[in-house]
Amino acid sequence: MDEVIISKAITESYLKDLLDSMEVDVAIAGAGPSGMVAGYYLAKSKVKVAIFERKLSIGGGMWGGGIMFNRIVVQSEAKEVLDELGISAKQYQKGYYVADAVEAASTLCSRCIKAGSKIFNLLSVEDVMIREDDRITGLVLNWSAVALANLHIDPMAIRAKLAIDATGHDAEVCRIVARKTGAGLEVRGEKSMWAEVGENEIVANTKQVCPGLLVTGMAANAVFGSPRMGAIFGGMLLSGKKAAELAIDLLKKTKR
């Protein structure tokens, strides 16, 4: 067993993927459920996509279900997404299905990668690239450990035709854009839990918020001031699917 061969295999294969992902069609910040669903549908449509997750683990809050009971609820409107991904769910009562949170997160990750998305964990988005007309043209990345260690290390950038903020409750990319551009973007912050309203509004809030930047998942509700939902994930899945559809449509328009 040669330790140098092992080290070279890891380094060469990782750097190959990272270099290839420095110019993509769509860059997604956040590998939670909505970000990975968006990545899955984009890759399935042959869009070049990379997802950057600041934490070690992917899946966002899905792993923990409700208060660490690793089960999630999905309403009937989103059951088709679970079915397509091959995630099993049992009907609890009419309109509501229960799924194993660990199966859901792990299967979603696997299907997203196998569809063709690249997921890079432990990389944080600390800035965006902004060009004419306040258009977002890429993400500025740094290792998450740099911030944790409070080191002053300059970041690197990747170019993207579109970016998607899937960073969850904090809407981190949208906050950066709101602070650094005159695009008029405002992050209102999410309201208290109200599952019925939050689930309906999360899909409606999934949209392009400034040129080159879309928002999905809980980041969408945070931007537009809608309620949080708790451990029901149907809206998150449908939001990710809608973000992918919007991105595909926008990419088609840029080619015309």
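Our subject in this report is the structure included herewith.

Criteria and cut-off values
The written sequence of each chain sets the order in which its residues are numbered from 1. Note on the predicted model: pLDDT of at least 70 is required for a residue's local features to be given, and 80 or more for side-chain atom pairs to be given and counted; whole-chain, interface and lining totals, by contrast, use all residues. The side-chain numbers reported here are obtained from all heavy atoms of the structure, hydrogens and water having been left aside. In this description a helix means any DSSP run of H or I spanning at least four residues, a strand means any run of E spanning at least two, and both kinds are numbered starting from the N terminus. Based on C-alpha atoms, the radius of gyration is set beside the globule rule, defined as 2.2 Å times the residue count to the power 0.38. Here's how the labels work: a residue is buried when its accessible area is under 20% of the maximum for its type, exposed when over 50%, partly exposed in between, all with a 1.4 Å probe on protein chains only. Residue contacts are counted whenever heavy atoms from the two residues lie within 4.5 Å of one another. Counted as positive: Lys and Arg. Counted as negative: Asp and Glu, with His and the chain ends omitted from the count. Charged side chains are reduced to one point each, which is NZ for Lys, CZ for Arg, CG for Asp and CD for Glu. Working definition: a ring pair exists when centres of Phe, Tyr or Trp rings (six-membered ring for Trp) sit within 6.5 Å. Plane angles under 30 degrees give stacked, over 60 give edge-to-face, the rest tilted. Geometrically, a lysine NZ or arginine CZ counts as sitting over a ring once it is within 6 Å of the ring centre and also within 35 degrees of the ring normal. Here, nonpolar core refers to any group of buried Ala, Val, Leu, Ile, Met, Phe, Trp, Tyr and Cys residues whose side-chain atoms link them within 4.5 Å.

A short note on the overall build of the chain
The helix and strand tally for the chain stands at nine helices and eleven strands. A compact globule built from 256 residues would reach a C-alpha radius of gyration of about 18 Å, and the chain, at 18 Å, matches this within 12%. When the backbone C-alpha atoms are referred to their principal axes, the chain occupies close to 55 × 55 × 40 Å. Scored against the burial criterion, the 256 residues of the chain give a buried share of 48%. Considering only residue pairs separated by 6 or more positions, the chain has 66% of its internal contacts joining residues 24 or more positions apart. Counting 31 positive and 30 negative side-chain charges, the chain places the centres of these two groups 4 Å from one another.

What about the packing of aromatic side chains?
Scanning all chains against the criterion turns up four aromatic pairs. Where Tyr 14 meets Trp 143, the ring centres are 6.4 Å apart and the plane angle is 35°; that geometry is what we call tilted. Here Tyr 14 is found in helix 1 (residues 3–20), whereas its partner Trp 143 is found in strand 8 (residues 136–143), with 129 residues between them in sequence. According to the relative accessible area criterion, Tyr 14 is partly exposed, its value standing at 29%. On the numbers, 5.5 Å between centres and 15° between planes, the contact of Phe 52 with Phe 120 is stacked. With Phe 52 in strand 2 (residues 49–53) and Phe 120 in strand 6 (residues 118–121), this residue pair connects regions lying 68 residues apart in the sequence. A residue is classified by how much of its surface remains accessible, and Phe 52, at 2% relative accessible area, is buried. Residue classification places Phe 120 among the buried residues on the basis of a relative accessible area of 3%. Three or more aromatic residues joined by ring pairs make a cluster, and in this case those are Tyr 14, Phe 52, Phe 120 and Trp 143. A cation sits over an aromatic face here: Lys 79 above Tyr 97, 5.1 Å from the ring centre.

Observations concerning the nonpolar core
Grouped together as the largest cluster of nonpolar side chains are 46 residues, with contacts concentrated most on Val 26, Ile 28, Met 36, Leu 42, Ile 72 and Ile 164. Where this core is concerned, the elements lending two or more residues are strand 1 (23–29), helix 2 (33–44), strand 2, strand 3 (71–75), helix 3 (79–85), helix 4 (101–115), strand 9 (156–165) and helix 9 (234–255). The leading source of residues in this core is helix 9, at eight residues. Within the second largest apolar cluster, 31 residues are counted, among which are Leu 18, Ile 176, Val 177 and Cys 210.

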